[in-house]
Amino acid sequence: MWLNVVWFALFVVIIIGYLIMDGFDLGVGILHPFLAKSDEERRVFLNSIGPVWDGNEVWLVLGGGALFAAFPLVYASLFSGLYIAMMLVLLVLILRTVAIEFRSKRPSPRWRSAWDWVFFAASLGIALLLGVAFGNILDGLPLRADGYIEVKLYDLLMPYAVLVGLTTIFMLATHGAIYLSMKADGALLARVKQWVPRLMIIFFVLNTLLVGMTVWLHEGVADRYFQQPWLVILPAAALVSVIVAWLMVRREQYFAAFLFSSAMIAGLLISAAVGLFPNLLVSTLNSSYNLTIFNAASQPNTLTVMLIMALIGIPFVLLYTAGVYYIFRGRVHIGPSSY
Amino acid sequence: MDQLFLSRVQFALTASFHFIYPPLSMGLGLLLVIIGVNYLRTRDPKWRQLSFFWVKVYGLVFAIGVATGIVQEFEFGTNWPEYSRFVGNIFGSLLAAEGVFAFFLEGGFLGLMLFGGNRLGPRMWLLAIFMVAFGAHFSALWILMANSWMQTPAGYTIQETPMGTQAFMSSFAATVFTPSFIPRLLHTWIASWLTGAALMLSVGAWFLLRVKQHAKLGKATICVALPVFFIFSIVQLTLSGAQHAENVTQFQPVKLAAMEGLWEDTTCAPMTLIGWVDETNQVTYGIKVPCLLSFLAHGDINATVQGLQSFPSENWPPVNLTFQSYHLMISLGVVMIGIGLLAGSFFLWRRRLWQSALVLWVLVLTVFLTEVATMVGWWTAEFGRQPWIVWELLRTVDAGSPVLLGYQVLLSNGMFIVLYVTLFALFIFLLNEKIQHGPDSLASMEERPVNALPDTFREIFRRQSRA
């Protein structure tokens, strides 16, 4: 049984890894039409994430794999139930990848601005779709006794889920702006710094609304906090991190700001995960249909093998990822092999 | 329309399109490592110039490979949830392992590979390139492991659960080393090296024929790629292919019968070189070599090979599809050996290759042959596994989704077709532009002299500031 809890925790860690790592490059994509004015500035945006975005996206692939391996019933129900939404996620993921790769391959301004729009729309789309999907998971889905979900696309667009989607967009945009403060220079840096507090305020407002709505609607998530009020420390820590991140930007301690911005993401996701635990998918039809970390998991055999692999693999990943970031540290410089 | 049929079409389409790219990543990766080693050994700038050029091509191939690969990982859940539930314990773990061990390696080091030329000295850059190439091969290892478990499952127990039947892992070692895993892995790796080498041969020959100022680089490219192509085209057919065929005979005999279009149990069974299977009358027409099949399958010309009629017809794969895919692969394999011999002898014959326009044109076209051969090879494996999704455990018709509607899969099929056709057109367009442009001069690529770049771990991680 402890293995199931460990795998729940590990899965949350992988999703946090994805939101922190790929989150900032999604944020950069969301911000770039608003902040980057010239072709040169757009290339700075693109190349700030150029050497690392591909590795960042692997967290999502790992998340998919880990869900498949550790909780195959959830993987099967969720992905098949949200079919059209998942297809849209795949569409925007593909478009974003090729937009980054293709954009600077030709000098034509029309070619470039077309791909710039694809890059923006796809980055925004990923944040929105993943946010809305997560909102639906928090909200509960019409999960049947046979473990399948039958739901129309527009039923997924309930106000609560859309609010989670919007909050995700602004969370990642804030995170991206803070990342850019480490990478941009001159006038662009000044503009980025102006935008950080604006984004933070919007995020703050949306997030407060979201918390209010969660409590008001008595979504399953809020119940745990009524039962164990001390857990409020988690979302509180996330909110404190936002404020500290802003102070750090003002002091030009950009790396520290980025760490606090990452802590904010981790805090929020852990807050949501704690509310969900031990459910993975909540059924709106009958709570006995819920898929939990116990009834939807793989056998202890598989979970043990997987845990060993994760404990061997992930430290290596963190080590060489840190090495790569170190080599590309500092402000962006456009050279002959740049995007 | 039937959603299950459409899901099959969609998986075939998306998997096939994805499979254009990973073999190129592996093959080009291996050859880029060879080019990098050549530079370290000779310090001849042409090798460095080629590294810059081929790394850019690699970036293009890799981007589309990644984008289309994520689709595959998600599609098991979206279109094949019954399959996902059945195999999650085993297949899911292998996919997750691929992510944590291999894909991270590729994705993590890709940035250093693409942009490392001006940040790292040649040794460290080569190390990054090696890590990406190694990651690509390692990635294929896990994927082949997972797919081989579907072909020849082992190390499992079947149990009924409230959520349906599931396969549980009883031995990790047995699920990893299923009987078909090693032969299939080697066959795929070698096919990938051939594909990568063929692309280099094509581009090298094109430089010699049409982009005269790059003739010297074209020759260097061919010198790296030709030996790889020559040796492995022979190894692929005579050693790896033969070993693989024996393995199929032993573990999936009905698949072998379909591949060969063999209907009755036959002693001294002939091998059809080219032919057509009439499935309604259960006859295979074509040019046949007597006793060759018995020899290839069992190593004995008098051995009996089991025909399709020895198996219940509900367990037959689509015979003609499997037969044609397999035979096209074999024929192209033979043609590749011919091309390797032709180009190799012209090369050894006082470098006549450089002047021989005809042979160079053949080389230009080779990459299409290898791509098709690799593709139909995979089709043989997958068509031949039908009607099973997991060999003799789960039928493909039972693996789909009970909540999916026909129009939804029709929509997603439409989306993938439009998207992939566009992507392919853009890929060819950009690749062509890059090839026509040719390698940039080193002077325009290098921002600082090679010797000024950090070339040991100590130099990389000690420097305080970057110029």
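Residues numbered from 1 in each chain as written. Chains lettered and ligands numbered in written order. Predicted model: local features only at pLDDT ≥ 70, side-chain atom pairs only at ≥ 80, totals over all residues.

**Q** Give me the lowdown on the overall build of chain A, citing residues and values where you can.
**A** A tally of regular secondary structure across chain A gives 12 helices and 2 strands. What you see for chain A is a C-alpha radius of gyration of 20 Å, in line with the 20 Å of a compact globule of 339 residues. When the 339 residues of chain A are sorted by exposure, 54% land in the buried category. (Helix = DSSP H or I, 4+ residues; strand = E, 2+ residues; numbered from the N terminus. Rg over C-alpha atoms; globule rule 2.2 N^0.38 Å. Buried ≥ 20, exposed ≤ 12 C-beta atoms within 10 Å, placed from the backbone.)

**Q** Kindly report on the overall build of chain B, identifying the contributing residues and their values.
**A** Assigned secondary structure in chain B consists of 15 helices and 8 strands. Radius of gyration (C-alpha) of chain B: 24 Å, near the 23 Å computed for a compact globule of 467 residues. Considered along the principal axes of its C-alpha atoms, chain B spans approximately 70 × 55 × 40 Å. By residue count, 54% of the 467 residues in chain B fall in the buried class. The contacts of chain B with a sequence gap of at least 6 include a subset with a gap of at least 24, amounting to 75%. (Contact = placed C-beta atoms within 7 Å.)

**Q** Could you give me a rundown of the interface of chain B and chain A, with the residues and numbers involved?
**A** On the side of chain A, 60 residues touch chain B, which itself brings 61 residues to the contact. Those elements that place two or more of their residues in the side of chain B that touches chain A are α3 (45-79), α4 (81-115), β2 (164-169), α13 (406-437), α14 (442-445) and α15 (457-462) of chain B. Top element by residues in the side of chain B that touches chain A is α4 of chain B. It accounts for 23 residues. Partitioned by chemical class, the residues of the side of chain B that touches chain A number 36 nonpolar, 19 polar and 6 charged. (Nonpolar A, V, L, I, M, F, W, Y, C, P; charged D, E, K, R; others polar.)

**Q** Can you break down the environment of V203 of chain B residue by residue, with the values?
**A** All names here are of chain B. Position of V203 relative to the elements: it lies in helix α7 (residues 181-210). When the 26 C-beta atoms within 10 Å are taken as the criterion, V203 is described as buried. Expressed as a C-alpha distance, the spacing of V203 and A174, which sit 29 residues apart in the sequence, is 43 Å.

**Q** Please set out unusual backbone geometry residue by residue, giving values where relevant.
**A** Residues F277 of chain A and P278 of chain A are joined by a peptide bond in cis, for which omega reads 0°. Relative to the assigned elements, P278 of chain A resides in the loop between α11 (254-276) and β1 (279-281). Omega for the peptide link from Q386 of chain B to P387 of chain B comes to 5°, which places this bond in the cis form. Relative to the elements of secondary structure, P387 of chain B occurs in the loop between α12 (357-385) and β7 (388-390). Even without glycine at this site, E252 of chain A takes up a positive phi of about 65°. Relative to the assigned elements, E252 of chain A resides in the loop between α10 (233-250) and α11.

**Q** Run through the pairing of strand β5 (residues 283-289) of chain B, naming residues and quoting values.
**A** Pairing analysis gives 7 bridges linking strand β4 (residues 271-278) of chain B to β5 of chain B, with the strands arranged antiparallel. Bridge assignment links T272 of chain B to a residue of β5 of chain B, and that residue is K288 of chain B. (Pairing = 2+ DSSP bridges.)

**Q** I'd like a rundown of helix α2 (residues 21-42) of chain B, residues and numbers included.
**A** Compared with the 32 Å implied by 1.5 Å per residue over 22 residues, the 31 Å span of α2 of chain B between its first and last C-alpha is a close match. Directly after α2 of chain B, the chain includes R43 of chain B, whose backbone phi takes a positive value near 55°. (Expected span 1.5 Å × (residues − 1).)

**Q** For the packing of helix α1 (residues 2-35) of chain A against helix α12 (residues 300-327) of chain A, give the residues involved together with the corresponding values.
**A** Residue and element names in this part refer to chain A. Running from N to C, α1 and α12 cross one another at 45°; their axes reach a closest spacing of 10 Å. The angle between α1 and α12 falls in the class oblique. Considering only the axes of α1 and α12, their crossing is left-handed. On α12, the residues that touch L3, V6, W7 and L10 of α1 are P300, L303, T304, L307 and A310. Split by residue class, the contact of α1 with α12 holds 8 nonpolar, 1 polar and no charged. (Axes fitted to C-alpha atoms, helices over the stretch in contact; angles between N-to-C directions. Parallel < 35°, antiparallel > 145°, perpendicular 65-115°, else oblique. Left-handed = near helix turned anticlockwise from the far one by under 90°.)

**Q** Describe the packing of α2 of chain B against α7 of chain B, and please don't skip the residues or the numbers.
**A** Residues and elements named next belong to chain B. Contact geometry for α2 and α7: axes closest at 7 Å, N-to-C directions at 70°. By the criterion of interaxial angle, the relationship of α2 to α7 is roughly perpendicular. Contacts from P23, L24, M26, G27, L28, L30 and L31 in α2 reach W189, A191, S192, W193, L194, T195, G196, A197, L199 and M200 in α7. When grouped by side-chain class, the residues that make up the contact of α2 with α7 number 13 nonpolar, 4 polar and no charged.

**Q** Help me get a handle on the environment of L30 of chain B, residues and values and all.
**A** Topologically, L30 of chain B is positioned in helix α2. Taking the C-alpha atoms as reference points, L30 of chain B and A133 of chain B, separated by 103 residues in sequence, lie 6.2 Å from one another.

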